[in-house]
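Each chain, letter by letter, is given below.
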Amino acid sequence: MAKYKIFELIYRHGKTKKLKTQFELSNMNKNIEKIRKLETDLTFNIEETVETGVVQTSHRALINSKLREKMISQKEIVENKIEFLMTEKIHLQKLVSSHERKNRKILDKLNELNAEERREKELKEFDRDKLFQKK
């Protein structure tokens, strides 16, 4: 019975870890989507700074050029952040599957212990019945 309780506690702890990791993973997916939207907005804004067919003053061209440079550097930072978050996402997915495997093994062990306990109980009842039949 003590083994059963220990494995049950380990199973609950593993299940909690898995749920926490899944929650982190869902938050990570939300963050990735927000940052991807930011990346598309930056791409759109970069394209909007290029005015074709319009006569520009040198001052306006200089301002657009500097603005475009800043947005391009921001886009690069955003792309790097997406890359980092994607590697973190893969890591979290591996953690979730690892927790799942561990929990499955512990659950199998719990089922084995439960079946063993039932067999022992049945044997004790059988022995007790045999003892009463002999009297």
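For the structure itself, look to the data block above.
Because the structure is predicted, anything quoted here is derived from the model rather than measured. (Residues numbered from 1 in each chain as written. Predicted model: local features only at pLDDT ≥ 70, side-chain atom pairs only at ≥ 80, totals over all residues. Heavy atoms only, no water.)

1. Description of the overall build of the protein chain
Put simply, the rule is: Each helix is a run of H or I in the DSSP string that is no shorter than four residues. Each strand is a run of E no shorter than two, and both are numbered from the N terminus. Radius of gyration means the value over C-alpha atoms here, while the globule rule gives 2.2 Å times the residue count to the 0.38 power. Each residue is assigned to one of three classes by its accessible area relative to the maximum for its type, calculated with a 1.4 Å probe on protein chains only: buried under 20%, partly exposed between the two thresholds, exposed over 50%. By the convention used here, residues are in contact when the closest approach between their heavy atoms is within 4.5 Å. For the area figures, the Shrake-Rupley method with a 1.4 Å probe applies, and any residue is considered shielded solely by the protein chains shown. Positive charges come from Lys and Arg alone, negative charges from Asp and Glu alone, with His and the N- and C-terminal ends not counted. Charged side chains are reduced to one point each, which is NZ for Lys, CZ for Arg, CG for Asp and CD for Glu.
The secondary structure content of the protein chain amounts to two helices and zero strands. Here the C-alpha radius of gyration of the protein chain, 31 Å, is well above what a compact globule of 135 residues would show, namely 14 Å. Judged by the C-alpha coordinates and their principal axes, the protein chain covers about 115 × 20 × 15 Å. For the protein chain, buried positions account for 20% of its 135 residues. Of all intrachain contacts in the protein chain linking residues separated by at least 6 positions in sequence, the fraction that spans at least 24 positions is 87%. Roughly 11000 Å² of accessible area belongs to the protein chain as shown, and the carbon and sulfur atoms make up 56% of that amount. Put simply, the protein chain has 32 plus and 23 minus side-chain charges, and the middle of one group is 6 Å from the middle of the other.

2. Digging into the environment of Asn31
Of note, Asn31 is situated in helix H1 (residues 2–48). On the basis of relative accessibility, which here comes to 36%, the residue Asn31 falls in the partly exposed class. Separated by 51 residues in sequence, Asn31 and Ile82 place their C-alpha atoms 9.0 Å apart.

3. Remarks on a positive patch on the surface
As a reminder of what qualifies: In this scheme, patches are assembled from residues that exceed 30% relative accessible area and form no salt bridge. Like charges are connected within 9 Å, while nonpolar side chains (Val, Leu, Ile, Met, Phe, Trp, Tyr) are connected within 5 Å. Any carboxyl oxygen of Asp or Glu that lies within 4 Å of a side-chain nitrogen of Lys or Arg is treated as forming a salt bridge with it.
A contiguous patch of positive charge on the surface is contributed by Lys17, Arg101, Lys102 and Lys105. It is helix H2 (residues 58–134) that provides the largest number of residues to the positive patch, a total of three residues. In this fold, Lys102 is placed in helix H2.

4. What to know about H1
Selection criterion: A helix is expected to reach a length of 1.5 Å times the quantity of its residues less one.
Between its first and last C-alpha, H1 extends 69 Å over 47 residues, near the 69 Å set by a 1.5 Å rise per residue. Regarding H1, the residues found buried are Glu8, Tyr11, Gly14, Lys18, Thr21, Leu25, Met28, Ile32, Ile35, Glu39, Leu42 and Ile46.

5. Remarks on the pattern of salt bridges
Scanning all chains against the criterion turns up four salt bridges. A salt bridge links Lys18 to Glu100; its shortest N-O distance comes to 3.6 Å. Linking Lys18 in helix H1 with Glu100 in helix H2, this pair joins segments that are 82 residues apart in sequence. Sharing partners across several salt bridges, the network here consists of Lys18, Glu100 and Arg104.

6. Remarks on the side chain of Asn64
Checked against the element boundaries, Asn64 lands in helix H2. Residue class for Asn64 comes out buried when judged on its relative accessible area of 6%.

7. So, the side chain of Lys75
When you line up the elements, Lys75 lands in helix H2. No salt bridge is formed by the buried Lys75; the nearest opposite charge belongs to Glu79, separated by 4.0 Å. Sequence-distant contacts of Lys75, that is, excluding residues within four places in its chain, are made with Glu39, Leu42, Thr43 and Ile46.

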